[in-house]
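# Summary of the model geometry
Chain residues, written in single-letter form:
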Amino acid sequence: MGRLFEGLGLADCELSIVFVSDRVIQKYHAQYFNDSTPTDVISFPSGEQNGFLGDILISLDTAARQARQKKHSTWDEVKLLLVHGILHLLGYDHQKKRDRQKMWQKQRALLRSIANL
């Protein structure tokens, strides 16, 4: 993951990554985002206190399902979701078209940097 953090200009940062089921992520999605459907990834930024970026929850159920739909490995989907979650921790968003383009561009570049992991 060192290459990923280097690509973001971050050094000595930490984050937590928790792999969960659809049932678990659905509860967090409902509690914190008022949406009772399962989702693929949720990020909880810490504000980069003491080098801790925050927490990322990834649903392995959804990752596997999305991987099958996209015809790539679950591992490739998990890497995508991890990069996506980290970008959210860093303040990237995709609600507006301009922000989405910026986030997707950064996401593609970071995924290329860790393609061989």
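Heads up: the structure comes first, above all this text.
Given the structure is predicted, the values throughout are model-derived calculations rather than measurements.

Turning our attention to the layout of surface pockets. In this structure, the largest pocket occupies an estimated 190 Å³ of space. Forming the walls of the largest pocket are His-29, Phe-33, Thr-39, Asp-40, Val-41, Ile-42, Ser-43, Pro-45, His-84, His-88 and His-94. Counting residues per element, the ones that place at least two in the lining of the largest pocket are helix 2 (22-33), strand 2 (41-49) and helix 4 (74-89). Counting residues per element, the lining of the largest pocket draws most heavily on strand 2, at four residues. Classifying every residue of the lining of the largest pocket gives four nonpolar, six polar and one charged.

Turning to the nonpolar core, a few remarks are in order. Counting residues in hydrophobic clusters, the biggest one holds 12 residues: Cys-13, Leu-15, Val-41, Leu-53, Ile-56, Ile-58, Ala-63, Val-78, Leu-81, Leu-82, Ile-86 and Leu-89. Broken down by secondary-structure element, the contributors of at least two residues to this core are strand 3 (52-59) and helix 4. Considering every element that reaches this core, the biggest residue donor is helix 4, with five residues.

Attention now goes to the pattern of salt bridges. Scanning all chains against the criterion turns up three salt bridges. Its salt-bridge partner being Lys-70, residue Glu-77 comes within 3.1 Å of it at the nearest N-O pair. For Glu-77, a relative accessible area of 0% puts it in the buried group. Between Asp-76 and Lys-79 there is a salt bridge; the shortest N-O distance is 3.5 Å. Of this pair, Asp-76 and Lys-79 both sit in helix 4, separated by three residues, roughly a single helical turn. Residue Lys-79 is classed as buried on the basis of its relative accessible area, which comes to 7%.

The next thing to look at is unusual backbone geometry. Positive phi, close to 50°, is recorded for Asn-34, a residue that is not glycine. Relative to the assigned elements, Asn-34 resides in the loop between helix 2 and strand 2. For Lys-71, which is not glycine, the phi torsion reads 60° and is therefore positive. Mapped onto the elements, Lys-71 comes out in the loop between helix 3 (60-70) and helix 4.

Moving on to the packing of aromatic side chains. The final tally for this structure, using the stated rule, is three aromatic pairs. When the ring of Tyr-32 is compared with that of Phe-44, the centres are 5.0 Å apart and the planes differ by 70°; the resulting orientation is edge-to-face. With Tyr-32 in helix 2 and Phe-44 in strand 2, the pair connects residues that are 12 residues apart, well separated along the chain. Taking relative accessible area as the criterion, Tyr-32 reaches 47% and is therefore assigned partly exposed. Grouping aromatic residues by their ring pairs yields a cluster made of Tyr-28, Tyr-32 and Phe-44.

Rules behind the numbers
Residues numbered from 1 in each chain as written. Predicted model: local features only at pLDDT ≥ 70, side-chain atom pairs only at ≥ 80, totals over all residues. Heavy atoms only, no water. 1 Å grid on protein atoms, 1.4 Å probe; cavity = no way out; pocket = protein on both sides within 12 Å on 5 of 7 lines; lining within 4 Å. Points joined across faces, edges and corners; volume = space filled by probe spheres on them. Helix = DSSP H or I, 4+ residues; strand = E, 2+ residues; numbered from the N terminus. Nonpolar A, V, L, I, M, F, W, Y, C, P; charged D, E, K, R; others polar. Core = buried A, V, L, I, M, F, W, Y, C linked by side-chain atoms within 4.5 Å. Buried < 20%, exposed > 50% of the residue type's maximum accessible area, 1.4 Å probe, protein only. Salt bridge = Lys/Arg side-chain N within 4 Å of Asp/Glu carboxyl O. Phe/Tyr/Trp six-rings, centres within 6.5 Å; stacked < 30°, edge-to-face > 60°.

By themselves, these are just geometric observations and shouldn't be taken as functional.
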